[in-house]
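Reading the structure
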Amino acid sequence: MFIFLIQLVLCTEFDDDMRWGTYKPQLIHAISQRNLKTYNPITAALLYYNPNFTKIQDIVYKVPELDTENIKFKIHNHNGKNLNVQEINDPYRNVTIISKWIKFPKEAKINWVDQSEVITKSKVNVLYAFTIEQFNPSEFEDRYFNYTLYQNGIHIWTQKEDYTSVEGFFINILINGTQPDYSKIQIIKLFQGYDVNWDARHGLFKFLKDNTKEAEYPNLILINVNASLGNDVVIQIQQSSKFQPQEYFRDFDLLITTLQNRDRILFKKIFGNQNECARASLANLMQGLQFTYGDLLCTVKRENCIDRKGILTHTPSRLGFPRPFLWDEGFHNIVACRINSDNCLQSLIDWVNTMSSDGWIPREQPRNDELRSYIPFLYEDPRESNPPTFFFDFEFLLRNPTNEVIARIGLIYPKLKLWYKSWFKTQAVYENNHFTGNLKWWGPDERSNLGSGLDDWPRSFKDYVSKYNIDAQAWGYFFCQEMSRLAMLYDPEFVDQLEFRKNLIKLNTKIYMQDPNDGLFKDILYLKNQLDSEIFSPHRGYPNLIPIGLGMVDKSDVNTIKQYLKFMSDPQAIWTKYGLRSLEVTNEYFGVGSNYWRGPLWINIQYLVLRGLKTYYWDVDGVQDFYYKLRKALTDTVCNQYESRGYFYEHYNQDLDGQGKGNRPFNGWTSLITMIISEQY
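A brief look at the structure comes next.

Observations regarding the overall build of the protein
On a plain count of helices and strands, the protein comes out with 17 helices and 25 strands. Taken along its principal axes, the extent of the C-alpha atoms in the protein is 85 × 50 × 50 Å. Expressed as a percentage of the 681 residues in the protein, the buried residues total 64%. With the model as given, the accessible surface of the protein reaches about 25600 Å², and the carbon-plus-sulfur share is 49%.

In structure tokens, the structure reads:
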């Protein structure tokens, strides 16, 4: 049987419906459904606690509640498809938990196997919680669990399974290599409201502290295993909707090793190296893959906010941002498309299908109460857009496309065209209903802009506010360029209009937005109601680099390129030995306020810079030297921090020491370090 299963996993393409996965990165370890029939998933999740716990947060379950600088999550392997190996080291509770998960193809009798090994230096209770959740109120949920004890395991299955196949879970436990008397293992049967059953701790806490009664028809069932000092405890779950397993899966670790070796070979084939930092970065990105479903809170009623939508997406951070972000996902998929085009394309399609009838795609999408519990007062504003980074992914997918990829992108092309028109309607500057060739980020705040993605980067000076924004200008150019590529394939009559607009933006940028004093392209500021009051913004940093990153500057314009090299190389401007600062060091706003995009180093923008230098300007004198200098600085900064502290961070050098700061683990666009190491753009 073992050889047969290996052949299936190695030779079979990814399960078309992607039905099971580690789709709840906000939990410390969970296997959940992407249930496209009812959108009400079943989840199997890991929890643990010390017996002397006093409050609900002492039950370790949700990553956003943890001190992740000290409680370490190490992702040994995650391919986003069928393999996950994660290690948790918790010094506060003196426990290490190594969780391994394999998903099998449809042809196998088993859907997946999950196994957690618990190594502890103190007493700790380790639980698996099985929950039936309801994110779709239009599908009334009345399923419940039942279980049977056997001499060699515990079988849990769903009852009243009218619209999906019966889901069964066979649990084995080993304590120092021996199976226990299962009649002595605590099995807790509880009922919570289906709509709040995404948090297993509430019912568990009441049961343990208040001795509440168990439920006859539970939608939450927990297997509670006591792990004591010196014991090696293994909990294994085999999930199947086709048959009931009868015994412990003894070849599991051998299969894990086989698949890990396969993934190393595949990584080298795709990325051309075996760099451990690059591999770990990819694994962290895949660990953040999430499936969410529900409605959205918005400042105005839009049908795409009221309607419930499902999204398969990567998330920026299991700690701080366990929810979908628009322009982040475009960067995430630059990496993910290389390793798993199924996930990548499905993510893009899901995102595009959250669009309103007039073409607006919300910037952040916590689409259910579970995700909103981390940020309950977030409302999406249709005035805010985001850079169209998805087109990096479409460009890659169409380099050597299959007929299926061409067809699937073709199905959403009309919506991409609608997004393009909506984006320009909200971000472009018009006079007498005619596009001027200039753009700015429109939004509720004149002095910063969340829609730009650069949040608190200064957009004003004294009483001057933005008239045109250089990064909006460059992203508009990019949008036209990439839509033109798609239109050549799907909509040839639209190409001339796109090319005209692209060239108009480029011309206006050169005429109106290049400061002759330093050669940089800049924001244009003005005094409201004073049309002749325009000035170049005195702020210099990441927005000024976007035209280089997107190839908007002509290769023949050597003087401008050299001016940019001079600016980026200057330690009194944005150069540091760790990489490029987001804001010039001499700027009055440098390091001020939240100091988010006002000094720290961010990997996504520097990836764009390297991409631009390598792709568009490689033969210009001085470019190659600076490229290799910046690439080394970034790889040293990110990888040294990973090796010494165990994490990829949201940003770096906030305190001018090169250290990683912000959210960690940051499984988002810092994973672009994989592309930088591999020099794939």
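Examining the state of the cysteines
For the coordinates displayed, the defined rule picks out three disulfides. Linked covalently through their sulfurs, cysteine 298 and cysteine 305 form a disulfide whose S-S length is 2.0 Å. What sets the handedness of the cysteine 298 and cysteine 305 disulfide is the S-S torsion sign, and at about -85 degrees it is left-handed. Relative accessible area serves as the criterion here: at 13%, cysteine 298 is assigned to the buried category. Taking the relative accessible area as the measure of exposure, cysteine 305 reaches 3% and is therefore buried. Across the protein, the way the bonded cysteines pair up, counted in sequence order, is 1-6, 2-3, 4-5.

A look at the environment of isoleucine 311
With respect to the secondary-structure elements, isoleucine 311 resides in strand 16 (residues 309-314). Residues within four places of isoleucine 311 in sequence aside, it is in contact with Gln290, Phe291, Thr292, Pro324, Asp350, Trp351, Thr354, Gln365 and Arg367.

Some remarks on the environment of phenylalanine 536
Tracing the sequence through the fold places phenylalanine 536 in strand 21 (residues 535-536). Since its relative accessible area comes to 28%, phenylalanine 536 is described here as partly exposed. Between the C-alpha atoms of phenylalanine 536 and leucine 520, which are 16 residues apart in sequence, the distance is 10.0 Å. With sequence-adjacent residues up to four places away left out, phenylalanine 536 is seen in contact with Tyr512, Met513, Gln514, Asp515, Pro516, Lys522, Asp523 and Ile524.

Notes on the nonpolar core
Of all hydrophobic cores here, the largest spans 163 residues; its most connected members are Phe130, Phe169, Trp419, Phe424, Trp475, Met483 and Met568. Setting aside residues up to four positions removed in sequence, methionine 568 forms contacts with Leu545, Ile574, Trp575, Leu580, Val609 and Phe626. Listed in part, the 19 residues of the second largest apolar core include Leu27, Leu47, Phe53 and Tyr61.

Thoughts on helix 14 (residues 558-569)
The first and last C-alpha atoms of helix 14 sit 16 Å apart over 12 residues, in line with the 16 Å expected at 1.5 Å per residue. For helix 14, the complete set of buried residues consists of Thr560, Ile561, Tyr564, Leu565, Phe567 and Met568. On an axial view of helix 14, the arc spanned by its buried residues comes to 165 degrees, and they lie on one face. Seen from the buried face of helix 14, the exposed residues on the opposite side, beyond 90 degrees, are Asn559 and Lys566.

A look at helix 16 (residues 623-645)
Across its 23 residues, helix 16 extends 33 Å between first and last C-alpha, which sits within 8% of the 33 Å expected from 1.5 Å per residue. Where helix 16 terminates, the next one or two residues include glycine 646, which has phi positive at roughly 85 degrees.

Remarks on the environment of valine 60
Mapped onto the elements of the fold, valine 60 is located in the loop between strand 3 (42-49) and strand 4 (72-78). Residues valine 60 and leucine 47, 13 residues apart in the sequence, show an inter-C-alpha distance of 5.6 Å.

A few points about the side chain of lysine 522
Counting through the fold element by element, lysine 522 comes out in the loop between helix 12 (495-512) and strand 20 (524-526). Given the relative accessible area of 5%, lysine 522 is considered buried. A distance of 2.8 Å separates the side chain of lysine 522 from the side chain of aspartate 515, its partner in a polar contact. Within the structure, lysine 522 has its side chain in polar contact with the side chain of aspartate 518 (distance 2.8 Å). Ignoring anything within four residues of it in the chain, the contact list for lysine 522 reads Ile470, Met513, Asp515, Phe536, Ser537, Arg540 and Asn544.

A look at the sheet that holds strand 14 (residues 232-240)
Spatial strand order, 4-5-6-7-14-11-10-9: eight strands in an open sheet with antiparallel pairing. Here the strands that pair on one side only, and so sit at the sheet edges, are strand 4 and strand 9 (144-150). In this sheet, adjacent strand axes meet at a mean angle of 15 degrees when their direction is disregarded. As judged from the eight bridges shared by strand 5 (residues 83-90) and strand 6 (residues 95-103), these two strands associate in the antiparallel manner. In the strand pairing of strand 6, leucine 83 is matched with isoleucine 102. On the sheet, helix 3 (residues 252-271) packs against strand 4, strand 5, strand 6, strand 7 (112-120) and strand 14 and is oriented at approximately 75 degrees with respect to strand 6. Across the sheet, helix 4 (residues 276-287) touches strand 4 and strand 5, and the angle it forms with strand 4 is around 100 degrees.

Details of the packing of aromatic side chains
Here a ring pair, both rings aromatic, is described through the centre-centre distance and the interplanar angle of the planes. Evaluation of the coordinates by the stated rule reveals 52 aromatic pairs. Ring plane angle 50 degrees and centroid distance 5.0 Å describe the contact between phenylalanine 391 and phenylalanine 479, whose orientation is recorded as tilted. Here phenylalanine 479 lies in helix 11 (residues 470-490) and phenylalanine 391 lies in helix 9 (residues 390-397), a separation of 88 residues in the sequence. For the ring pair tyrosine 642 and phenylalanine 648, a centre distance of 4.5 Å and an interplane angle of 10 degrees mean the geometry is stacked. The lysine or arginine in question, lysine 440, covers the ring of tryptophan 442, its NZ or CZ lying 4.1 Å from the ring centre.

A few points about the packing of helix 6 (residues 326-339) against helix 7 (residues 341-352)
Across the interface, helix 6 lies against helix 7 with an axial gap of 7 Å and an inter-helix angle of 155 degrees. When the interaxial angle is binned, helix 6 and helix 7 end up roughly antiparallel. Our pair here, helix 6 against helix 7, has a crossing hand that is left-handed. Residues Leu326, Glu329, Asn333, Ala336, Cys337 and Ile339 of helix 6 form the contact with helix 7, whose own contacting residues are Ser341, Cys344, Ser347, Leu348 and Trp351. Partitioning the contact of helix 6 with helix 7 into residue classes produces seven nonpolar, three polar and one charged.

Let's talk about a nonpolar patch on the surface
On the surface, Leu507, Ile511 and Tyr512 cluster together to form a nonpolar patch covering roughly 310 Å² of accessible area. Its location among the elements puts tyrosine 512 in helix 12. Residue tyrosine 512 is classed as partly exposed on the basis of its relative accessible area of 45%.

Rules used in this analysis
Residue positions are given per chain, counting from 1 as you read along its sequence in written order. In keeping with the model being predicted, local features are shown solely for residues with a pLDDT of at least 70 and side-chain atom pairs are shown and tallied solely at 80 or more, while totals for entire chains, interfaces and linings include all residues. Side-chain calculation: all heavy atoms of the structure are included, whereas hydrogens and water are not. Each helix corresponds to a stretch of at least 4 residues labelled H or I by DSSP, and each strand to a stretch of at least 2 residues labelled E; elements are numbered beginning at the N terminus. Buried means the residue's accessible area, taken with a 1.4 Å probe over protein chains only, is under 20% of the maximum for its type, while exposed means over 50%, and partly exposed covers the values in between. Accessible surface area values rest on a Shrake-Rupley calculation with a 1.4 Å probe, where residue burial reflects the displayed protein chains alone. In what follows, a disulfide is any cysteine sulfur pair within 2.5 Å. Should any heavy atoms of two residues lie within 4.5 Å, those residues are considered in contact. By convention a nonpolar core is built from buried Ala, Val, Leu, Ile, Met, Phe, Trp, Tyr and Cys residues, the set being connected through side-chain atoms within 4.5 Å. For a helix, the expected span equals 1.5 Å multiplied by the residue count minus one. The arc in question is traced by the directions running from the helix axis to the C-beta atoms. Under this definition, polar contacts are N or O atom pairs within 3.5 Å; protein pairs additionally need one hydrogen-donor-capable and one acceptor-capable atom, and for neighbouring residues in sequence, both atoms have to be side-chain atoms. Pairing between two strands is assigned when DSSP locates at least 2 bridges connecting them. Where helices are involved, their axes are fitted lines through C-alpha atoms of the stretch in contact, as for all axes, and angles between N-to-C directions lie from 0 to 180°. Pairing of aromatic side chains here covers Phe, Tyr and the six-membered ring of Trp, requires ring centres within 6.5 Å, and sorts the geometry by plane angle: under 30 degrees stacked, over 60 edge-to-face, intermediate tilted. Two limits define a charge over a ring: the Lys NZ or Arg CZ must be within 6 Å of the ring centre, and within 35 degrees of the ring normal. We call two directions roughly parallel when the angle between them is under 35 degrees, roughly antiparallel when it is over 145, roughly perpendicular when it lies between 65 and 115, and oblique otherwise. Whether a crossing is left-handed or right-handed is set by the direction in which the near helix is turned from the far one by less than a right angle, anticlockwise for left-handed and clockwise for right-handed. As a working rule, the residues Ala, Val, Leu, Ile, Met, Phe, Trp, Tyr, Cys and Pro are called nonpolar, Asp, Glu, Lys and Arg charged, and the rest polar, with Gly in that last group. Residues enter patches when they are more than 30% accessible in relative terms and free of salt bridges; like-charged ones are connected within 9 Å and nonpolar ones (Val, Leu, Ile, Met, Phe, Trp, Tyr) within 5 Å. A carboxyl oxygen of Asp or Glu within 4 Å of a side-chain nitrogen of Lys or Arg is what we treat as a salt bridge.

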